[in-house]
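# Coordinate analysis (summary)
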Amino acid sequence: APSALPLLSLSSGFIVLMGKNGGNTIRVLEAGPPGAPSTTLIDLKLSFSREGYENLSVANDFAFVERDDRTFLVMPSGTDHKVAIVDFTNDFEMKHVTFSEKAFENTAPHGRYR
């Protein structure tokens, strides 16, 4: 099994590698031209709760938001009720928005995380 799930942003040219480490970190690559390697921009520590999911990817969705010459990455946690918002144009500054302090319960019928 791969140690990271690669997800691509078509408009911004970034590749997000979702580590199978319980949401602890993600790696962001900048795509190179066709046939050339991508370059690592940053490894981001997301500070999401990982208890019970240490070897799984707890997020498989994200969004790049481009507005007023700024690029943001919005990454939801799969085990917390919060999202991380990363400002790519401000030295990868990260903020978290918490929606609830309730404990996470995985109620997905077939298992949500891989």
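Each remark here, short or long, concerns the structure printed above.
Residues numbered from 1 in each chain as written. Predicted model: local features only at pLDDT ≥ 70, side-chain atom pairs only at ≥ 80, totals over all residues. Heavy atoms only, no water.

### Some remarks on the environment of S47
- The topology assignment puts S47 in the loop between strand 4 (39-45) and strand 5 (63-67).
- Residues S47 and A84, spaced 37 residues apart in sequence, show a C-alpha to C-alpha distance of 8.8 Å.
- Discounting residues that sit within four places of it in the chain, S47 has contacts with N24, D80, K82 and H96. (Helix = DSSP H or I, 4+ residues; strand = E, 2+ residues; numbered from the N terminus. Contact = heavy atoms within 4.5 Å.)

### A closer look at the sheet that holds strand 8 (residues 93-98)
- Taken together, the 4 strands give an open sheet; going across it, the order is 5-6-7-8, and neighbouring strands pair in antiparallel fashion. The open sheet has two edge strands with one neighbour each: strand 5 and strand 8. The sheet shows a mean angle of 25 degrees between the axes of neighbouring strands, direction not considered.
- Bridge count for strand 5 against strand 6 (residues 70-76) is 5 bridges, and the pairing is antiparallel. Looking at the pairing, V65 lines up with F72 of strand 6. (Pairing = 2+ DSSP bridges. Axes fitted to C-alpha atoms, helices over the stretch in contact; angles between N-to-C directions.)

### Considerations on the nonpolar core
- If you look at the biggest cluster of nonpolar residues, it comprises 16 residues, and the most contacted ones within it are V16, I26, F64, L73, M75 and F88.
- At the level of secondary structure, the elements contributing two or more residues to this core comprise strand 2 (14-19), strand 3 (25-30), strand 6 and strand 7 (82-87).
- Every residue in contact with F88, bar those within four places of it in the chain, is listed here: F14, V28, F64, T71 and L73. (Core = buried A, V, L, I, M, F, W, Y, C linked by side-chain atoms within 4.5 Å. Buried < 20%, exposed > 50% of the residue type's maximum accessible area, 1.4 Å probe, protein only.)

### Details of the packing of aromatic side chains
- Under the counting rule described, the total for this entry stands at 5 aromatic pairs.
- Measuring from centroid to centroid gives 5.4 Å for F14 and F64, while their planes differ by 25 degrees, and the two rings are stacked. Highlighted residues: F14 in strand 2 and F64 in strand 5, separated in sequence by 50 residues. The pair F14 / F64 is uniform in exposure class, with both members buried.
- Taking relative accessible area as the criterion, F64 reaches 16% and is therefore assigned buried. (Phe/Tyr/Trp six-rings, centres within 6.5 Å; stacked < 30°, edge-to-face > 60°.)

### Some details on the pairing of strand 3
- Of the pairings in the sheet, the one linking strand 2 to strand 3 comprises 5 bridges and is antiparallel in character. By the bridge assignment for strand 3, L17 is matched with R27.
- Sheet analysis places strand 3 next to strand 4, joined by 6 bridges and oriented antiparallel. In the sheet register, E30 faces strand 4, and the bridge partner there is T39.

### What to know about the pattern of salt bridges
- Using the criterion set out here, one finds 3 salt bridges in the structure.
- Note that R67 and D68 form a salt bridge whose closest N and O atoms lie 3.9 Å from each other.
- Judged by relative accessible area, R67 falls into the exposed class, the value being 59%.
- The shortest N-O distance in the salt bridge between R70 and D87 comes to 2.4 Å. You can see R70 sitting in strand 6 and its partner D87 sitting in strand 7, a full 17 residues away along the chain. (Salt bridge = Lys/Arg side-chain N within 4 Å of Asp/Glu carboxyl O.)

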